[in-house]
Amino acid sequence: MRFAVPVFPGSNCDRDLLHAVEDVLQESVTPVWHHETDLANFDAILLPGGFSYGDYLRSGALARYSPVMESVTKAAGQGKLVIGICNGFQILQEAGLLPGALIRNQHLQFRCEMTTLRVEEANTPFTNQYQVGQEIDIPIAHGEGNFYCDQATLAELEANHQIIFRYASHNPNGSIADIAGICNKERNVLGMMPHPERAIADWMGSADGAVLFHSMLKHWKENGHAA
Amino acid sequence: MYKATIFVTLKESVLDPQGEAVKGSLHTLGYQSVTAVRIGKQIEIMLNVTDRAQAEAEVQAISEKLLANTVVENFRYELEEVTA
């Protein structure tokens, strides 16, 4: 399985993602500079966290128009697996690949801490190795992770089982319905604020994030190659 | 040459924690009469075009595509012709 990690100016969680895929899956993972326009040779795309373009204008607003995003959009349309973590989630929303918006944390603090998430759905390419209702520890580090959408969108997300992770015991940013991560209707694009790539070994405080990468590999193996 | 001034504001239904924080500070300063504060952005763009209709069309598109996140923000703009 071949993973790509697009790197934007200001991305800073790309190396953690590269290590996570290598250490957990021993599969091929390649950093790709944001000027790259051809991602056809990759099976999965992981948009990393960080501060692309310095969060200027809005987090992810400028990265959304980087040349590589056209290929990311195309890959998503082809059914390939796409994850956006933290700033990556913001970029996916700005690009319209996921609904809603991520705004400033309600309490205005930048929270860098371990959180407990509840896995709401196990029928996705990203969570098939978790149990529904399972509580996992995944760290966060963000100042603008407050998921917002209007009531109509929220109803749709709930009806379509698109809410994949919720904050279990304590909502660290004020997000609506305690949402920490969602997927698109087709279930091949996931966005989440917490960093699974920073929870892949006990010495990190939790190895619960490793299961997400295992899920992706399992899905890819069981489903041949995406269209 | 046209100068566009675009005002980007949060939609009414969206909580503005920055505005709430500023309101709190204003109360601390003694301005108890302040009941609400909401914070937006002002963006100025110089457009090298001669046709007003074209300038309007470009500002509208620019605002929708980039300057405002239409999920949570509204925008309005003013356009004036300026000598270069």
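Quick note: structure is the one above.
As the structure is a prediction and not an experimental result, all values here were calculated from the model. (Residues numbered from 1 in each chain as written. Chains lettered and ligands numbered in written order. Predicted model: local features only at pLDDT ≥ 70, side-chain atom pairs only at ≥ 80, totals over all residues. Heavy atoms only, no water.)

(A) Fine view of the environment of Phe165 of chain A. Residue and element names in this part refer to chain A. By secondary structure assignment, the location of Phe165 is in strand S9 (residues 163-167). For Phe165, a relative accessible area of 1% corresponds to the buried category. Put simply, Phe165 and Ala180 are 15 residues apart on the chain and 5.2 Å apart in space, counted from C-alpha to C-alpha. (Helix = DSSP H or I, 4+ residues; strand = E, 2+ residues; numbered from the N terminus. Buried < 20%, exposed > 50% of the residue type's maximum accessible area, 1.4 Å probe, protein only.)

(B) Main features of helix H5 (residues 210-222) of chain A. Compared with the 18 Å implied by 1.5 Å per residue over 13 residues, the 19 Å span of H5 of chain A between its first and last C-alpha is a close match. For H5 of chain A, the complete set of buried residues consists of Ala210, Leu212, Phe213, Ser215, Met216, Leu217 and Trp220 of chain A. (Expected span 1.5 Å × (residues − 1).)

(C) Region of the structure containing the packing of helix H1 (residues 14-25) of chain A against H5 of chain A. Residues and elements named next belong to chain A. Axis separation between H1 and H5 bottoms out at 10 Å; the angle between their running directions is 70°. For the element pair H1 / H5, the angle class is roughly perpendicular. Note on packing geometry: the crossing formed by H1 with H5 is right-handed. Across the interface between the two elements, Leu17, Ala20, Val21, Val24 and Leu25 of H1 pack against Ala210, Phe213, His214 and Leu217 of H5. Within the contact of H1 with H5, the residues separate by chemical class into eight nonpolar, one polar and no charged. (Axes fitted to C-alpha atoms, helices over the stretch in contact; angles between N-to-C directions. Parallel < 35°, antiparallel > 145°, perpendicular 65-115°, else oblique. Left-handed = near helix turned anticlockwise from the far one by under 90°. Contact = heavy atoms within 4.5 Å. Nonpolar A, V, L, I, M, F, W, Y, C, P; charged D, E, K, R; others polar.)

(D) A look at the pattern of salt bridges. One pass over the structure, following the stated rule, counts 13 salt bridges over all chains. A salt bridge links Arg52 of chain B to Glu56 of chain B; its shortest N-O distance comes to 3.8 Å. Within this pair, Arg52 of chain B and its partner Glu56 of chain B are both found in helix H2 (residues 52-67), separated by four residues, close to a single helical turn. Under the relative-accessibility criterion, Glu56 of chain B is labelled partly exposed at 34%. The network of salt bridges with shared partners includes Arg118, Glu120, Glu158 and Arg166 of chain A. (Salt bridge = Lys/Arg side-chain N within 4 Å of Asp/Glu carboxyl O.)

(E) Expanded view of the interface of chain B and chain A. Tallying the contact residues gives 16 residues for chain B and 14 residues for chain A. Among the residues of chain B in contact with chain A, Pro17, Leu66 and Asn69 of chain B are the three that bury the most area, contributing 37% of the side total. One salt bridge in this structure joins Arg58 of chain A and Glu73 of chain B, with 3.8 Å as the shortest N-O distance. Those elements that provide at least two residues to the side of chain B that touches chain A are helix H1 (17-29), strand S2 (41-47) and H2 of chain B. Looking at the side of chain B that touches chain A residue by residue, the classes come out as ten nonpolar, three polar and three charged. (Buried area = accessible area lost by both parts, 1.4 Å probe.)

(F) Fine view of the sheet that holds strand S2 (residues 28-33) of chain A. Residues and elements named next belong to chain A. Across the sheet, which stays open at both edges, the nine strands sit in the order S2-S1-S3-S4-S11-S10-S9-S6-S7 with mixed pairing between neighbours. Since the sheet does not close on itself, it has two edges, and those belong to S2 and strand S7 (135-142), each with one partner. Averaged over all neighbouring strand pairs, the angle between strand axes comes to 25°, with direction disregarded. As paired elements, strand S6 (residues 111-119) and S7 share eight bridges and run antiparallel to each other. Looking at the pairing, Thr116 lines up with Asp137 of S7. Set on the sheet, helix H4 (residues 151-159) makes contact with S9 and strand S10 (179-183); between it and S9 the angle comes to about 110°. Docked against the sheet, H5 engages strand S1 (2-7), strand S3 (44-47), strand S4 (81-85), S9 and strand S11 (189-192), running at close to 165° with respect to S4. (Pairing = 2+ DSSP bridges.)

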